[in-house]
Amino acid sequence: MSTDIKIKKGLDIKLKGEAKKELSIAPHSKIFTVYPEDFHSIIPKLSIKVGEKVKVGDAIFYNKTNEAMKFTSPVSGEIAEVIRGEKRKILAITIQADSVSVETHKDFGIKVPSNLAEPQIKQQLLESGCWTFIKQRPYDVIANPANAPKAIFISGFNSAPLSADVVFTLQGKEEAFQTGIDALTKLTTGKVHLSVNEKDSFLNHIKGVSLHTISGPHPAGNVGTQINKIDPVNKGEVVWTVNVQDVAIIGTLFLTGKYNAERIVALAGSSVENPKYYTTKIGATIISILNDAKIAENSRIISGNVLTGKNVGLKGSLRHYNSTITAIPEGDDYEFLGWTKPVFNKISITRAMTFSWLTPNKKFDLNTNTNGEHRGFVLTGTYEKVFPLDIYPMQILKSCMYQDLDEMEALGMYEVAPEDFALTEFICVSKQAHQEIIRKGLDLMLKEIG
Amino acid sequence: MSLKNKLHEFKEKNKGKKWLPLFSGFHTFLYTPNETTHNGSHIRGADDLKRTMNTVIMALIPCLIFGMFNAGYQHYLALGEIKHTANGFFNPEFWTTNNFIIGFWKILPLVIVSYVVGLGVEFLFAIKNGHEIEEGYLVTGMLVPLIVPIDLPLWMLTIAVIFGVVIGKEVFGGTGMNILNPALTIRAFLFFAYPTWMSGDKVWVQGAKADGFSGETILGTLAQGKEVANSVLDTFYGFISGSVGETSTLLIILAGLFLIFTKIGSWRIMLSAIIGALIMGYIFNMIAPSMEGTKFYGLMATTSWHHLLLGGFAFGVVFMATDPVTATQTNKGKWIYGFLIGFLSIAIRVFNPAYPEGVMLAILLMNVFAPTIDHYIVQGNIKQRLKRLKTKTT
């Protein structure tokens, strides 16, 4: 059974440096890093000490408010360092990795999801660290295992610029993916919704899901868009979301009894000389992935895509939820009369002496310059052109800024995540930080309403 | 060392100084800053507020230049040195250097005073509040000289601009926060503060005062039920007396199309305002015969579409009503807002005994109501969300 959904509002940002469908194996990273900040709103409590040995799947820290929720090591090795910031907040935990040949795994036991009851599946996921892959709306944080979600949503394709091709990154993991779905279907009394684009792939033949075919421009591939069109979140309801690649990691856990943090990531962007795909692991250093790839100088290296990723730099690591690494030029330079001269090399949805509308298929080489200064909201009606959710984007942003909880709730705050506002942020002439505004708004609601 | 590097070093050296926004104001005009994104969206679209505002100014320039020619043309017509001829838009009597020079020297001071005073106030507030200088006044500063009578004394303009920028905008928190359109606030201030000066029939044509020539606008003539000397085509091309830049409906239509094409101006507001005006005009046309003999008859009997060519209607609808800050913010709201502006413009035009121009008051009135319109549109979305929840739970 499949339903067709057509997204009309949105914008496909076409950029240079798309990853070629070639796969290399990145050399085993010597250092792995786990960043508690990836798990938004979680307060970490360490379960290990510096110098201790860990196996793959051993807990490194747990959630202070729910001790059963564990965050586990992607590799075996020795805890090298716990980096702390202000007020002793844990910023990162680094692990000196064993070589691949002597890697040891914690065994969680091979299990068949269809034979398990819901609590056993939850237990398995929480213990192995795979629970972290399940996020919830409202608030876009790791799902609370005590909740019963009305549905689980999985987007089977990426539409963000330069992001990894899902089907390519799941090659060889088809069985694991089906097993992961089998496990997830046990966690909800409702449906598991899987959305695909118009290309036929193994995802169209997955069993146990409610399949949707989505067409249209970005953000068609964002799970938030799909939730809004398929079964929007009402007050008091909870839905869970899982990234498509992580469904396979969950499946692998049941098939092999091991936590396998392996990921195929796209290394993309105009600063990369030969953009392609690499097999690596969550937490691996960027340097290990870049190994044979050349990156232009003065580039920004982003774990994730250019719209929602994190600026990690060359010294950073592949973050927990990302399957793309993007490198684009930094834009820390002035531009002579940049505000008035005709623009051919940047993207715009207006025609105010901007000419990207003449070349709809051109691939652009955009840098990180803001192309203007931060201002108050002035223009109206522009966000709506790229925002397909049935929500007033400017009004909800403003309600977050003046922190009116009732209004935020009424305008649909339970349905959104920061990533839903990436495109409005991209086109904003006032250069406001929409995603940050929404994140702060969600945090406030989480704190006040819970 | 290049200019770019010199300016950069100067900026870095003086970071945190109170007067730095003043420097940045000029610096950012010369160079788009080297600011980069942080987390969130790492890339940004090409448009910024300066570009947006600049597009509106580009649309205004033809109106300004036409206004300069027209000022001279009306002047020489009044003096009787040239005769009125109907020769189409490219009338050689109109596009002469003499006409232009008269208008240029009369209008340039208005433009300069408007910008110097307005931006001066903006600079002061930017320094006082420690924020960057915002672009809002770039458009306002160009609008103001186009909507005032040509013989306006510069001291009046100065006071009006200070009033308009401070009370109309800065007290609300600057660009993006104001409720009333600042340019119209300035014009409204002039009309209510100096009614004896502004409401006469002498101010519209430069140099007409001395000659005892009646330089009344067409609306004024119609309001008194007199015959109008100008043809419909004259009113369309703009060879008539009136405020500096708002006489040529043809150029305003082209500017409006340009703003719609560039996606800067809201076509919803422009279109619905025209529809509103036509409907109101049509209603008046219907009841006009029964009103014959009353003082409203002249304007009531004016054909509904002819109203669109007269006074500041076209200019107001294209450039003032579409100001995104003071208009409604929702797309549905824009239809209602625009429609009511058109509707009320014609109503006020017909019934206002003191001053036969309605668009200014109609827009200011609707500026005030815009948040209310938006409120109800947004409530619709909120109610739908609640309804979705209810149908779920039952």
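Nothing here was measured: the structure is a model prediction, and the numbers come from that model. In this numbering scheme, every chain counts its residues from 1 along its sequence in written order. Whichever chain is written first becomes A and whichever ligand is written first becomes 1, with later ones labelled in order. In view of the model being predicted, local features appear only for residues whose pLDDT reaches at least 70, and side-chain atom pairs are presented and counted only at 80 or more, with totals across whole chains, interfaces and linings using the full set of residues. Each side-chain value is derived from all of the structure's non-hydrogen atoms; neither hydrogens nor water enter the calculation.

Visitor: What's the story with the overall build of chain A in this structure? I'm lost.
Guide: Across its full length, chain A holds 10 helices and 21 strands. Note that the radius of gyration is over C-alpha atoms, with the globule rule given as 2.2 Å times the number of residues to the power 0.38. Its C-alpha radius of gyration of 21 Å places chain A within 12% of the 22 Å reference for a compact globule of 450 residues. Note on classification: 1.4 Å probe, protein chains only; a residue is buried when its accessible area is under 20% of the maximum for its type, exposed when over 50%, partly exposed between these limits. The buried share among the 450 residues of chain A stands at 62%. In what follows, a contact means two residues having at least one pair of non-hydrogen atoms within 4.5 Å. Intrachain contacts of chain A at a sequence separation of at least 6 include 69% that bridge at least 24 residues. We get accessible surface area from the Shrake-Rupley algorithm with a probe of 1.4 Å; when it comes to residues, only the shown protein chains can shield them. As displayed, chain A offers around 17,500 Å² of accessible surface, 50% of which is attributable to carbon and sulfur atoms. Numbering of helices and strands runs from the N terminus, with a helix taken as a DSSP run of H or I at least four residues long and a strand as a DSSP run of E at least two residues long.

Visitor: Teacher, can you tell me more about the domain arrangement of chain A here?
Guide: By a widespread convention, an interface's size corresponds to the accessible area lost as its parts come together. Those domain boundaries reflect an automatic or database domain assignment. As assigned here, chain A comprises domain 1 (1–23 + 109–331), domain 2 (31–102) and domain 3 (338–448). Summarising the inter-unit geometry, the C-alpha centres of domain 2 of chain A and domain 3 of chain A are found 35 Å apart.

Visitor: Sorry, what's going on with the interface of chain A and chain B here?
Guide: Contact with chain A, which involves 79 residues of that partner, is made by 59 residues of chain B. Two parts placed together each lose some accessible area under a 1.4 Å probe, and adding up what both lose gives the buried area. For the chain A face of the interface with chain B, the top three residues by lost area are Tyr334, Trp339 and Arg375 of chain A, together amounting to 16%. Here, a salt bridge means any side-chain nitrogen of Lys or Arg that lies within 4 Å of a carboxyl oxygen of Asp or Glu. Taken together, the links from chain A to chain B amount to 6 salt bridges. Lysine 50 of chain B is the salt-bridge partner of glutamate 373 of chain A, the closest N and O atoms lying 3.1 Å from each other. Here a polar contact is taken to be a pair of N or O atoms separated by no more than 3.5 Å, where protein atoms must pair a possible hydrogen donor with a possible acceptor and residues adjacent in sequence count only if both atoms sit in side chains. Here chain A is connected to chain B by 50 residue pairs in polar contact (both at pLDDT 80 or more). Elements supplying a minimum of two residues to the side of chain A that touches chain B: β18 (299–303), β19 (310–311), β21 (335–336), α7 (393–401), α8 (405–411) and α9 (422–427) of chain A.

Visitor: How should the domain arrangement of chain B be read in this particular structure?
Guide: All names here are of chain B. What the domain assignment lists for chain B is domain 1 (15–32 + 49–247) and domain 2 (265–394). The C-alpha-based centres of domain 1 and domain 2 are spaced at 23 Å. Between domain 1 and domain 2, the contact holds 33 residues from the first and 26 residues from the second. Here domain 1 and domain 2 share an interface that buries about 2,500 Å² over both sides, 77% of which is from carbon and sulfur atoms.

Visitor: Please explain the confidence of the model for chain A as it appears in this structure.
Guide: Fine structural detail should not be taken from predicted coordinates in areas where pLDDT scores are low. Counting all residues, the mean pLDDT for chain A is 93, and 100% of those residues have values of 70 or more. One confidence number per residue, pLDDT, is output by the predictor and ranges from 0 to 100. Within chain A, strand β1 (residues 2–6) of chain A has the poorest average pLDDT of any element, 85, and strand β12 (residues 151–155) of chain A the best, 97.

Visitor: It is not clear to me how the pattern of salt bridges should be interpreted in this structure. Could you clarify?
Guide: Residues and elements named next belong to chain A. If you walk through the whole model with that rule in mind, you get 35 salt bridges over all chains. Close ionic contact of aspartate 38 with arginine 319 constitutes a salt bridge, the shortest N to O distance being 2.7 Å. Separated by 281 residues along the polypeptide, aspartate 38 in the loop between β3 (31–34) and β4 (44–46) and arginine 319 in the loop between β19 and β20 (324–329) bring together distant segments of the chain. You can call arginine 319 buried: its relative accessible area is 7%.

Visitor: Sorry, what's going on with the side chain of threonine 328 of chain B here?
Guide: Within the secondary structure, threonine 328 of chain B sits in the loop between α16 (313–320) and α17 (331–351). For threonine 328 of chain B, the side chain forms a polar contact with the main-chain oxygen of glycine 333 of chain B, separated by 3.2 Å. Reaching out from threonine 328 of chain B, the side chain makes a polar contact with the backbone nitrogen of lysine 334 of chain B at a distance of 3.2 Å. If near-sequence neighbours (up to four positions away) are discounted, threonine 328 of chain B is found in contact with Thr380 of chain A together with Gly333, Lys334, Tyr337, Ala370, Ile373 and Asp374 of chain B.

Visitor: Help me out: how do you make sense of the nonpolar core in this one?
Guide: Soluble globular proteins tend to bury their nonpolar side chains together. For this analysis, a nonpolar core means a set of buried residues of the types Ala, Val, Leu, Ile, Met, Phe, Trp, Tyr and Cys, connected via side-chain atoms within 4.5 Å. Counting 150 residues, the largest nonpolar core has Phe319 and Tyr337 of chain B as the members making the most contacts within it. Ranked by residues supplied to this core, first place goes to helix α3 (residues 49–79) of chain B with 14 residues. Apart from the residues within four sequence positions on either side, tyrosine 337 of chain B is in contact with Ile269, Ala321, Thr326, Ala327, Thr328, Ile363, Met366, Asn367, Ala370 and Ile373 of chain B. Membership of the second largest hydrophobic core comes to 62 residues, among which are Leu126, Trp131, Ala183 and Leu203 of chain A.

Visitor: Mind showing me how you'd approach empty space enclosed by the protein here?
Guide: Sizing a probe to match a water molecule and rolling it over the atoms shows the empty space that remains. Within this scheme a cavity is a closed region of a 1 Å grid, computed over the protein atoms alone, that accommodates a 1.4 Å probe without allowing it to escape, whereas a pocket is open but has protein on both sides within 12 Å along at least five of seven lines; lining residues each have an atom within 4 Å of a point. Grid points are joined across faces, edges and corners, and a volume is the space filled by probe spheres set on the points. Within this structure, the stated rule accounts for 9 cavities of 30 Å³ or more. Considering the residues around the largest cavity, the lining is formed by 24 residues, among which Met53, Val56, Val139, Asp323 and Pro324 of chain B are closest to the centre. Where the lining of the largest cavity is concerned, the elements lending two or more residues are α3, α5 (136–146) and α16 of chain B. The element that contributes the greatest number of residues to the lining of the largest cavity is α5 of chain B, accounting for 4 residues. Approximately 130 Å³ is the volume found for the second largest cavity. Together, 16 residues line the second largest cavity, and Val34, Phe39, Thr72, Ile282 and His320 of chain A are the ones closest to its centre. Residue assignment for the lining of the second largest cavity shows that the elements contributing at least two residues are β3 and β7 (66–72) of chain A. Basically, the charged four are Asp, Glu, Lys and Arg, the nonpolar ten are Ala, Val, Leu, Ile, Met, Phe, Trp, Tyr, Cys and Pro, and anything else, Gly included, counts as polar. Along the lines of polarity and charge, the residues of the lining of the second largest cavity split into 8 nonpolar, 6 polar and 2 charged.

Visitor: It is not clear to me how the sheet that holds strand β5 (residues 53–54) of chain A should be interpreted in this structure. Could you clarify?
Guide: Sheet strands line up and pair through hydrogen bonds in the backbone, either parallel or antiparallel. Spatial ordering of the open sheet is given by β3-β9-β8-β5 (chain A), a layout of 4 strands whose pairing is antiparallel. In this open sheet, the two strands that pair with only one neighbour each are β3 and β5 of chain A. Only strands joined by at least two bridges in the DSSP assignment are considered to pair.

Visitor: How should the packing of aromatic side chains be read in this particular structure?
Guide: In this description, a pair of aromatic rings is defined by centroid distance and the angle of the planes. In this analysis, rings of Phe, Tyr and Trp, with Trp reduced to its six-membered ring, are considered paired at centre separations within 6.5 Å, and the interplanar angle assigns stacked below 30 degrees, edge-to-face beyond 60, and tilted for intermediate values. Under the definition given, this model contains 46 aromatic pairs over all chains. With a centroid separation of 5.9 Å and 70 degrees between ring planes, the pair formed by phenylalanine 66 of chain B and tryptophan 95 of chain B is classed as edge-to-face. In this pair, phenylalanine 66 of chain B sits in helix α3 while tryptophan 95 of chain B sits in the loop between α3 and α4 (97–129), placing the two residues 29 residues apart along the sequence. Whether a charge sits over a ring depends on NZ of Lys or CZ of Arg being within 6 Å of the ring centre and within 35 degrees of the ring normal. Sitting above the plane of the tyrosine 35 of chain A ring, arginine 319 of chain A keeps its charged end 3.6 Å from the centroid. Positioned above the aromatic ring of tryptophan 357 of chain A, the side-chain terminus of arginine 351 of chain A is 4.8 Å from the ring centre.

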